[in-house]
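Examination of the molecular architecture
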Amino acid sequence: QKEVEQNSGPLSVPEGAIASLNCTYSDRGSQSFFWYRQYSGKSPELIMFIYSNGDKEDGRFTAQLNKASQYVSLLIRDSQPSDSATYLCAPWAGYQKVTFGTGTKLQVIP
Amino acid sequence: GAVVSQHPSWVICKSGTSVKIECRSLDFQATTMFWYRQFPKQSLMLMATSNEGSKATYEQGVEKDKFLINHASLTLSTLTVTSAHPEDSSFYICSAPAATDNQPQHFGDGTRLSIL
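A brief report on the enclosed structure follows. Each chain carries its own residue numbering, running from 1 in the direction its sequence is written. Lettering of chains starts at A and numbering of ligands starts at 1, both following the order in which they are written. Given that the model is predicted, a residue must reach a pLDDT of at least 70 before its local features are reported, and side-chain atom pairs must reach 80 or more before they are shown or counted; all residues, however, enter totals for whole chains, interfaces and linings. Calculation of side-chain values draws on the structure's entire complement of heavy atoms; hydrogens and water are dropped beforehand.

All right, on to the overall build of chain A then. Strands are runs of DSSP state E lasting at least 2 residues, helices are runs of H or I lasting at least 4, and numbering of each runs from the N terminus. Tallying secondary structure elements over chain A gives 0 helices and 11 strands in all. In sequence order, the secondary structure elements of chain A are arranged as β-β-β-β-β-β-β-β-β-β-β. For 110 residues, the compact-globule estimate of 2.2 N^0.38 gives 13 Å, and chain A sits close to it at 13 Å. Think of it in three bands: with a 1.4 Å probe and only protein chains considered, a residue is buried below 20% of the maximum accessible area for its type, exposed above 50%, and partly exposed in between. Within chain A, the proportion of its 110 residues that are buried is 43%. In this setup the radius of gyration rests on C-alpha atoms only. A globule is expected at 2.2 Å times the number of residues raised to 0.38.

Laid out in structure tokens, this is it:
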């Protein structure tokens, strides 16, 4: 079973600021990670994935993975009110079940 | 496009009714499906794991006789909420692991179940 921990928030940032979301994981063998965004009443949608140590950038999003410290983070630059949602991180687990944490609720204040 | 199709998206029914939710993998074979439940403002809670051709594995505290899971084919898993009551009202989501390594789960769009 793969488990992660996240601060449930809410994390409030002003519009245009950088939002930083963090996730720690327990299985040192986890190789890749996914960040999902979930709007209220909707299913999670994939926004970023990262396989290797270091940073991966995609538009306003940057994912960071540090396998030695067992954490993965997501930075959102130029935060917009439309980014307000709950963000979930999850390791790749193949056919094993993944226990999602609470996710981090992000509120971008206009 | 969606690779996991979940139906219906919204159900409203009377207490005591049984409700079936379908989850189909559209362009790949899903030998495993995960079923989650999410109450308002709470996290996704894994209910059970369905496996094609075998019995589902339920998480602790989930009543297997109330939440019947059938995974009869490589592309279809169903969750039936039997004799539903208002406390079963929730958002139910299925997901399927990707067929290839290091790929994310594919989530269905979810089913909003409201029991009157």
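Residues and elements named next belong to chain A. On the secondary structure map, glutamine 107 appears in strand 11 (residues 104-109). Since its relative accessible area comes to 27%, glutamine 107 is described here as partly exposed. Put simply, glutamine 107 and serine 26 are 81 residues apart on the chain and 27 Å apart in space, counted from C-alpha to C-alpha. Those residues in contact with glutamine 107 that lie beyond four places of it in its chain are Pro10, Leu11, Ser12, Val13 and Ser84. Whether two residues are in contact is decided by their heavy atoms, any of which lying within 4.5 Å being enough.

Here we take up the packing of aromatic side chains. Only the six-membered ring of Trp is used, alongside the rings of Phe and Tyr, when aromatic pairs are assigned; centres must lie within 6.5 Å, and planes under 30 degrees apart are stacked while those over 60 apart are edge-to-face, with the rest tilted. What the rule picks out here adds up to 8 aromatic pairs over all chains. Where phenylalanine 100 of chain A meets phenylalanine 107 of chain B, the ring centres are 6.0 Å apart and the plane angle is 50°; that geometry is what we call tilted. Within this pair, whereas phenylalanine 100 of chain A is found in the loop between strand 10 (98-99) and strand 11, its partner phenylalanine 107 of chain B is found in strand 10 (residues 106-107), the two belonging to separate chains. Overall, phenylalanine 100 of chain A belongs to the buried group, its relative accessible area being 5%. Measuring from ring centre to ring centre gives 6.1 Å for tyrosine 36 of chain B and phenylalanine 107 of chain B, while their planes differ by 40°; the resulting arrangement is tilted. Taken together, the positions of tyrosine 36 of chain B in strand 4 (residues 32-38) and phenylalanine 107 of chain B in strand 10 put the pair 71 residues apart, joining distant regions of the chain. Exposure class is identical for tyrosine 36 of chain B and phenylalanine 107 of chain B. Each is buried. Each residue in the set Tyr36 and Phe100 of chain A together with Tyr36 and Phe107 of chain B is aromatic and connected to the rest through ring pairs, giving one cluster.

Moving on: the layout of surface pockets. As a volume, the largest pocket reaches approximately 540 Å³. In this analysis a 1.4 Å probe is tested at points of a 1 Å grid over the protein atoms alone, and where it fits but cannot get out there is a cavity; an open set with protein on both sides within 12 Å along at least five of seven lines is a pocket; lining residues have an atom within 4 Å of a point. Around the largest pocket, the lining is made up of 22 residues, and of these Ser40 and Thr86 of chain A together with Gln38, Lys41 and Gln42 of chain B lie nearest the centre. Listing elements by their share of the lining of the largest pocket, those giving two or more residues are strand 9 (85-91) and strand 11 of chain A. Top contributing element to the lining of the largest pocket by residue count: strand 11 of chain A, with 3 residues. In the lining of the largest pocket, the residues fall into 6 nonpolar, 12 polar and 4 charged. Grid points are joined across faces, edges and corners, and a volume is the space filled by probe spheres set on the points. In this classification, Asp, Glu, Lys and Arg are treated as charged, Ala, Val, Leu, Ile, Met, Phe, Trp, Tyr, Cys and Pro as nonpolar, and every other residue, Gly included, as polar.

Another aspect to go through is empty space enclosed by the protein. Applying the stated criterion across every chain yields a total of 1 cavity of 30 Å³ or more. Each pocket or cavity is described by its volume, and for the largest cavity that value is around 90 Å³. Along its surface, the largest cavity is lined by 15 residues, and Trp92, Ala93 and Gly94 of chain A together with Gln103 and Gln105 of chain B are the ones closest to its centre. Classifying every residue of the lining of the largest cavity gives 11 nonpolar, 4 polar and no charged.

The accessible area lost on association of the parts is a frequent measure of interface size. Contact with chain B, which involves 26 residues of that partner, is made by 21 residues of chain A. Defined here as a combined quantity, buried area equals the accessible surface (1.4 Å probe) lost by two parts on assembly, summed across both. Roughly 1,800 Å² is buried in total at the junction of chain B and chain A, and carbon and sulfur atoms are behind 56% of that figure. Any Lys or Arg side-chain nitrogen located within 4 Å of an Asp or Glu carboxyl oxygen qualifies as a salt bridge. Linking chain B to chain A there are 1 salt bridge. Think of a polar contact as two N or O atoms within 3.5 Å of one another; within protein, one of them needs to be a possible hydrogen donor and the other a possible acceptor, and neighboring residues in sequence only count if both atoms come from side chains. Here chain B is connected to chain A by 6 residue pairs in polar contact (both at pLDDT 80 or more). When contributions to the side of chain B that touches chain A are tallied by element, the ones reaching two or more residues are strand 4, strand 5 (45-51) and strand 9 (90-96) of chain B. At 4 residues, strand 4 of chain B tops the list of elements feeding residues into the side of chain B that touches chain A. The class makeup of the residues in the side of chain B that touches chain A is 11 nonpolar, 11 polar and 4 charged.

Everything listed is a geometric property; what it means functionally is a separate question.
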